[in-house]
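Overview (structure and organization)
Given next are the chains, with one letter for each unit.
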Protein chains: 2
Amino acid sequence: MKKIINAVENVEEEMILGLVKSAPDKLRKLECGNVVVRARKKEGKVALISGGGSGHEPAHGGYVGEGMLDGAVAGAVFTSPTPDQIYEAIKAVATDKGVLCIVKNYTGDIMNFEMAIDMAKDEDINADYVVVNDDVAVKDSLYTTGRRGVAGTVLVHKIAGALAETGASLEEVKAVAEKVIANVRTMGMAITACTMPAAGKPGFELADDEMEIGIGIHGEPGTSRETLKPANEIADELLSRIVEDIDYTGKEVAVIINGMGGTPLMELYIVNNYVSDFLAEKGIKIYDTMVGNYMTSIEMAGFSITLLRLDDELKKLYDAKADTPALKK
Amino acid sequence: MKKIINAVENVEEEMILGLVKSAPDKLRKLECGNVVVRARKKEGKVALISGGGSGHEPAHGGYVGEGMLDGAVAGAVFTSPTPDQIYEAIKAVATDKGVLCIVKNYTGDIMNFEMAIDMAKDEDINADYVVVNDDVAVKDSLYTTGRRGVAGTVLVHKIAGALAETGASLEEVKAVAEKVIANVRTMGMAITACTMPAAGKPGFELADDEMEIGIGIHGEPGTSRETLKPANEIADELLSRIVEDIDYTGKEVAVIINGMGGTPLMELYIVNNYVSDFLAEKGIKIYDTMVGNYMTSIEMAGFSITLLRLDDELKKLYDAKADTPALKK
């Protein structure tokens, strides 16, 4: 294993500290664990929390800040945060407007967020959650019932975060988060696996001419192993699966060309060149495109494509100000 | 070679097209070659151009936009753009305020930018250039006389771009660019080499326990090969070289923890955790920190640290609005 780290057991904490020290006027870390919250708590708004295992940086700590999250909980790499840790995060950010947790669809994450929410309710904190399940690659997997939550989660942070910032109610913020979830789809692939620090070796092996289609973000193999094809053919395969799942024709979409952590921007731009043409040809109008590392799988080389179907409400919230380390609008 | 591309010979053009299509309201590509300019030319300001070989994405096309560059010229991967190509870029962006080219210190780049500037002067375009040489790792190299230009170039774009946007004169914009150059230093390292698409194999080989210190951004080996150490020791080594070169004590600095393209953000945050503590201990005040992929070497895994010594003038320009695909302020 070749990594720029200190000790395997300190990866999560040092990473969170390094993130917070990159924006100490905006972020702080809770003493009790790897939880990032806004440096100045904002009252009078629904507090948004996200989280999950580490290894998806900048998700989720990088999205804490004005217009997006109020807190992010980082478990060990690819491991759900504990209920106690999530509960501490909820307590730290809770306002009288309530708390909404944005949870990616993994069995462990949901179980632990649910337990933490129950603990918070016992303390009279009005907490609720939504489950993001944008990955069209799998219906069920080792880690999930139903589709997995992947890069589309960032758009839930963005849009629910924008509405929360206006002082909307918990019900309204939850409803818009669920509207994003209903309209966002993602599919990904990889040409290399990633190595969890604690494991010390890649999650799977790929030959020099192989790729994994339908990859997740936890180092697990995808849904099919194929011979590596030209970028345009790969993008076509992923896009075809996405537009099969939702009819985007005639609609406006936000697009994410998401790098998995080890993918050069050169390749992501090449992919976007095709994605852009594909969408135009299908009569799908691109409202905005984000190209970069938004929801990663440590140093995995690969990408995912996310499409969010927009209407006027979602466009307005998508465009609203965000000021976080990983996303500015 | 395992890459998400179509054909080796189309990498540069498809990449530039993909970048432009990610922000078609803000960027356009010149018909004549791989040159990115603002979609709407802005008159009444000095036009800023940067460029060089491709492979450093998002540099430089990703920095075209309000508050930064007016144009970026992309040569083949790790190859200087041709004088003709640079000349077309200069013609496309030139205003009556003149044109300033921001050139990284590589012999080929300087020669070709100088030739293009001479061609532009023959057409009565008032063009000039500055040379960025922030890399403290080498005094001279295969490609340079003096230090190389690396990630500090992004801060020259940012600060000279902010001043140009105010309508300052060519002399003033050149002077502030040179002030940044005088105050910015960088040093980098890598744990893997990168592969130029046309070469098909890595520029050098590293054993599983080796790293290159003093790496450049063109796939060339660094200045010394060492056994891989913990992140903090590596960061200490790079920082020590930087603060030897300029006395930053008691000053405020802007910091870039720059990923080389294949480095996960997890590792960059871990590095920043140490950098931040190191600077505090030396009595160097951190004004702002950027963590991410700003000046890359395709998919190389590694990082560089950049420090820019700031004064009130530079801080104001650093903070000024920027709206580009790769950097927003």
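As the structure is a prediction and not an experimental result, all values here were calculated from the model. Just so you know, the residues in each chain are numbered from 1, in the order the chain's sequence is written. By the order in which they are written, chains take letters starting at A while ligands take numbers starting at 1. The predicted origin of the model limits local features to residues at a pLDDT of at least 70 and limits the giving and counting of side-chain atom pairs to 80 or more, whereas totals for whole chains, interfaces and linings rest on all residues. Side-chain numbers come from the whole structure's heavy atoms, not from hydrogens or water.

Glancing now at the relation of the copies chain B and chain A. Superposing the copies works by least squares over the C-alpha atoms of residues that have pLDDT at least 70 in both of them. With an axial shift of 0.0 Å and an RMSD of 0.0 Å, the rotation relating chain B to chain A amounts to 180°. Each copy turns onto its partner about a two-fold axis. Minimal C-alpha distance to the rotation axis in chain B is attained by B:Gly262, lying at 2.0 Å. Residues are treated as being in contact if the distance between any of their heavy atoms lies within 4.5 Å. In this assembly the copies share their binding face: 98% of the residues contributing to the interface of chain B also contribute to that of chain A.

So, on to the pairing of strand β2 (residues 35–38) of chain B. Residue and element names in this part refer to chain B. Any two strands are treated as partners once DSSP identifies two or more bridges connecting them. Think of it this way: any DSSP run of H or I at least four residues long counts as a helix, any run of E at least two long counts as a strand, and we number them from the N terminus. Here three bridges tie strand β1 (residues 27–29) to β2, and the two strands are oriented antiparallel to one another. Counterpart to Arg-28 in the pairing with β2 is Val-37. Here β1 folds back onto β2, and the loop between the two strands holds five residues. Bridging between β2 and strand β4 (residues 71–77) involves three bridges; their strand directions are antiparallel. Opposite Val-36, over in β4, you have Ala-72 as the bridge partner.

Take the sheet that holds β1(B) next. Residues and elements named next belong to chain B. Overall, mixed pairing links the six strands, which are arranged β1-β2-β4-β3-β5-β6 in an open sheet. Looking at strand neighbours, the two that pair on one side only are β1 and β6 (127–132), the edges of this open sheet. Between one strand and the next, the sheet's axes are offset by a mean angle of 20°, whatever the strand orientation. Where helices are involved, their axes are fitted lines through C-alpha atoms of the stretch in contact, as for all axes, and angles between N-to-C directions lie from 0 to 180°. The sheet strands contacting helix α3 (residues 107–122) are β3 (47–54), β5 (99–104) and β6, and the helix crosses β6 at an angle near 165°.

Take the domain arrangement of chain A next. Residues and elements named next belong to chain A. Segment limits for the domains were obtained from an automatic or database-derived domain assignment. Under the domain assignment used here, chain A contains domain 1 (12–182) and domain 2 (184–319). If you average the C-alpha positions of domain 1 and of domain 2, the two centres end up 22 Å apart. If you look at the interface, domain 1 gives 36 residues, while domain 2 gives 36 residues. Between domain 1 and domain 2 the total buried area reaches about 3000 Å² when both faces are included, carbon and sulfur atoms providing 66% of it. In short, buried area is how much 1.4 Å probe accessible area vanishes from two parts on joining, totalled over both.

With that settled, the discussion passes to the interface of chain B and chain A. Between chain B and chain A, the contact holds 51 residues from the first and 50 residues from the second. For the chain B and chain A pair, buried surface summed over both sides reaches about 4400 Å², with 62% attributable to carbon and sulfur atoms. By the criterion of area lost to chain A, the three top residues of chain B are B:Lys2, B:Ile4 and B:Met266, representing 21% of everything that side buries. Salt bridges are defined by distance alone: a side-chain nitrogen of Lys or Arg within 4 Å of a carboxyl oxygen of Asp or Glu. At the junction of chain B with chain A, the criterion picks out two salt bridges. The partner of B:Asp277 in a salt bridge is A:Lys21, and the shortest N-O contact between them spans 2.8 Å. Here a polar contact is recorded for every N or O atom pair within 3.5 Å, except that within protein the pair must consist of a potential hydrogen donor and a potential acceptor, and residues adjacent in sequence are included only if both atoms are side-chain atoms. Summed over the shared surface of chain B and chain A, the number is 20 residue pairs in polar contact (both at pLDDT 80 or more). Secondary structure elements with two or more residues in the side of chain B that touches chain A: α1 (11–21), α6 (231–245), α7 (265–281), β11 (285–292) and β12 (302–310) of chain B. At ten residues, α7(B) tops the list of elements feeding residues into the side of chain B that touches chain A. The nonpolar class holds Ala, Val, Leu, Ile, Met, Phe, Trp, Tyr, Cys and Pro. Asp, Glu, Lys and Arg form the charged class, and all remaining residues, Gly among them, are polar. Classifying every residue of the side of chain B that touches chain A by side-chain character gives 25 nonpolar, 14 polar and twelve charged.

With that out of the way, let us pick up the environment of A:Gly108. Residues and elements named next belong to chain A. Position of Gly-108 relative to the elements: it lies in helix α3 (residues 107–122). When a residue's accessible area, from a 1.4 Å probe over protein chains only, is under 20% of the maximum for its type it is buried; when over 50% it is exposed; and in between it is partly exposed. Using a relative accessible area of 25% as the deciding quantity, one classes Gly-108 as partly exposed. Residues Gly-108 and Gly-53, 55 residues apart in the sequence, show an inter-C-alpha distance of 9.9 Å.

Let us look at the side chain of B:Glu14. Here B:Glu14 shows up in helix α1. An unpaired buried charge is present at B:Glu14: no salt bridge exists, and B:Lys21, the closest side chain of opposite charge, is 9.2 Å distant. If sequence neighbours within four positions are ignored, B:Glu14 has contacts with A:Tyr269, A:Ile270, A:Asn273 and B:Asn6. Lys and Arg are tallied as positive, Asp and Glu as negative. Neither His nor the chain termini are counted.

Attention now goes to the pairing of β6(B). Along any regular strand, the residues point their side chains to alternate faces of the sheet. Residue and element names in this part refer to chain B. Note: β5 against β6, six bridges, orientation parallel. The partner of Val-103 across the bridge, within β6, is Val-131. We call a crossover right-handed when, viewed with both strands directed away from the observer, the connection leading from the first strand over the helix to the second proceeds clockwise. Handedness of the β5-α3-β6 crossover: right-handed.

Overall, the coordinates contain 54 salt bridges over all chains when judged by the stated rule. The closest approach of N and O atoms between A:Glu252 and A:Lys315, which form a salt bridge, is 2.4 Å. Of this pair, A:Glu252 sits in strand β10 (residues 252–259) while A:Lys315 sits in helix α8 (residues 312–319); the two residues are 63 residues apart in sequence, bridging distant segments of the chain. Here B:Lys315 makes a salt bridge to B:Asp312, at a shortest N to O gap of 3.7 Å. Taken together, the residues B:Lys315 and B:Asp312, both in helix α8 (residues 312–319) and three residues apart, mark about one turn of the helix.

Now for the packing of aromatic side chains. Residues and elements named next belong to chain A. The pairing test for Phe, Tyr and Trp rings, Trp by its six-membered ring, is centres within 6.5 Å, and the orientation test on the planes gives stacked under 30 degrees, edge-to-face over 60, and tilted for anything in between. Considering all chains together, one arrives at four aromatic pairs over all chains under this definition. Consider the rings of Tyr-287 and Tyr-318, whose centres lie 6.3 Å apart with planes at 70°: the pair is edge-to-face. One end of the pair, Tyr-287, is in strand β11 (residues 285–292); the other, Tyr-318, is in helix α8, and 31 residues separate them in sequence. Owing to a relative accessible area of 0%, Tyr-318 belongs among the buried residues under this scheme.

Attention now moves to the sheet that holds β11(B). All names here are of chain B. The six strands lie next to each other as β9-β8-β7-β12-β10-β11, forming an open sheet whose pairing is mixed. The open sheet is flanked by β9 (224–227) and β11, the only strands paired with a single partner. For this sheet, the mean angle separating the axes of adjacent strands, direction not counted, is 20°. Pairing of strand β7 (residues 184–190) with β12 involves seven bridges; the strand directions are antiparallel. Counterpart to Met-187 in the pairing with β12 is Ile-305. Relative to the sheet, helix α5 (residues 170–183) contacts β7 and β12, its axis offset from that of β7 by approximately 50°. Along the sheet, α8 makes contact with β10 (252–259), β11 and β12, crossing β11 at roughly 35°.

Attention shifts here to a negative patch on the surface. To count toward a patch, a residue needs a relative accessible area above 30% and no salt bridge. Like charges then connect within 9 Å, nonpolar side chains (Val, Leu, Ile, Met, Phe, Trp, Tyr) within 5 Å. Note on areas: Shrake-Rupley with a 1.4 Å probe; residue coverage comes only from the protein chains shown. For the purpose of locating charges, the reference atoms are NZ of Lys, CZ of Arg, CG of Asp and CD of Glu. Together, A:Glu114, A:Asp118, A:Asp122, A:Glu123 and A:Asp124 make up a region of like negative charge exposed at the surface. Structurally, the position occupied by A:Glu123 is in the loop between α3 and β6 (127–132).

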